[in-house]
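One-letter residues, chain by chain:
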Amino acid sequence: MTKVFIINGGQQFGHSGGRFNETISAATAEFFRNRPGFEVKTTNINHDYDLKEEVAKYTWADVVIYHTPIWWFQLPHGFKQYIDKVFTEGHGTGIYRSDGRSAANPAINYGTGGMLHGKKYMVTTSWNAPKEAFTLPGEFFKQTSVDEGILFGFHRMNAFIGLQPLPGMHFHDIEKNADVKRDLGQYREHLEHVFTKTELTKNGIQNVR
């Protein structure tokens, strides 16, 4: 069985009801629950959660799937708080041991103290910004992709705890020109592509080439 932990980081705050990420998170859970060989656990950051139980979900999972909007070019504060609290709780108890360095040579091996090696993660993001804001010359993000720009720190965070990336997906122009039916169709195709071309090993999910 492949164990999948789905985190809905779509926060209910201000004018945002978190509906899009709730829909995507539900579609993810449905995708895996309707297929043999997968086991699913979920967390919604808007609901109460127990820190030890969340650490246990990370250590249980073969794959962690994050769903998050991007607010002011960062994670929502509720999702960031979840990560801060859960990762702190997981220090030495399943998520990371240390920053990886030794007193003998403190200049090297930073970021190698994670405890989740052999596991994978995937992230989806949702944006008000259109995709052209990232790709066209002269537009706002200066032709810097989501993963190389805004999500750079998020990806390094997951590397720090030992997780390796699976291809993610980014949803654009959600506020002004949303097409949820289209996005869900494309997302299900993405899940099919990523998870039907994988195989289990003793170390977790490995991409089939």
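Quick caveat: nothing in here was measured; it's all calculated off a predicted structure. (Residues numbered from 1 in each chain as written. Predicted model: local features only at pLDDT ≥ 70, side-chain atom pairs only at ≥ 80, totals over all residues. Heavy atoms only, no water.)

**A look at the packing of aromatic side chains**
The geometry of two aromatic rings is summed up by the distance between their centres and the angle between their planes.
Inference 1: Under the definition given, this model contains 22 aromatic pairs.
Inference 2: Summarising the aromatic geometry, the rings of Phe31 and Phe32 are spaced 5.0 Å apart at their centres and angled 90° between planes, so their arrangement reads as edge-to-face. By the burial criterion, Phe31 is buried, and Phe32 matches it.
Inference 3: A centroid spacing of 4.9 Å and a plane angle of 55° characterise the contact between Phe32 and Phe38, whose relative ring orientation is tilted. (Phe/Tyr/Trp six-rings, centres within 6.5 Å; stacked < 30°, edge-to-face > 60°. Buried < 20%, exposed > 50% of the residue type's maximum accessible area, 1.4 Å probe, protein only.)

**Quick notes on the pattern of salt bridges**
Inference 1: Summed over the entire model, instances satisfying the criterion amount to six salt bridges.
Inference 2: Of the charged contacts in the structure, one is a salt bridge between Glu89 and Lys52, with a shortest N-O distance of 3.2 Å. In this pair, Glu89 sits in helix 3 (residues 77–89) while Lys52 sits in helix 2 (residues 51–60), placing the two residues 37 residues apart along the sequence.
Inference 3: With a shortest N-O distance of 3.2 Å, Glu54 and Lys57 are connected by a salt bridge. Of the two residues, Glu54 and Lys57 are both situated in helix 2; the distance of three residues between them amounts to about one turn of the helix.
Inference 4: Relative accessible area serves as the criterion here: at 2%, Glu54 is assigned to the buried category.
Inference 5: For Lys57, a relative accessible area of 15% puts it in the buried group. (Salt bridge = Lys/Arg side-chain N within 4 Å of Asp/Glu carboxyl O. Helix = DSSP H or I, 4+ residues; strand = E, 2+ residues; numbered from the N terminus.)

**A look at the side chain of His67**
Inference 1: With respect to the element layout, His67 can be found in strand 3 (residues 63–69).
Inference 2: Among the residues examined, His67 registers a relative accessible area of 0% and is labelled buried.
Inference 3: Polar side-chain contacts of His67 include one of 2.8 Å to the side chain of Thr28.
Inference 4: At 2.7 Å, the side chain of His67 and the side chain of Thr124 are in polar contact.
Inference 5: Among residues more than four places away in sequence, those in contact with His67 are Ile6, Ile7, Asn8, Gly9, Gly10, Asn21, Ile24, Ser25, Thr28, Thr124 and Tyr187. (Polar contact = N/O pair within 3.5 Å; in protein donor to acceptor, adjacent residues only side chain to side chain. Contact = heavy atoms within 4.5 Å.)

**A few points about the pairing of strand 3**
Inference 1: With seven of its seven residues buried, strand 3 lies for the most part within the structure.
Inference 2: The alternating pattern of strand 3 places Val63, Ile65, His67 and Pro69 and Val64, Tyr66 and Thr68 on opposite faces, both of which are buried.
Inference 3: Here strand 1 (residues 2–8) runs beside strand 3; their pairing, made up of five bridges, is parallel. Opposite Val4, over in strand 3, you have Val63 as the bridge partner.
Inference 4: Pairing of strand 3 with strand 4 (residues 120–126), which is carried by seven bridges, proceeds in the parallel orientation. Paired with Tyr66 across the two strands is Val123, which belongs to strand 4. (Pairing = 2+ DSSP bridges.)

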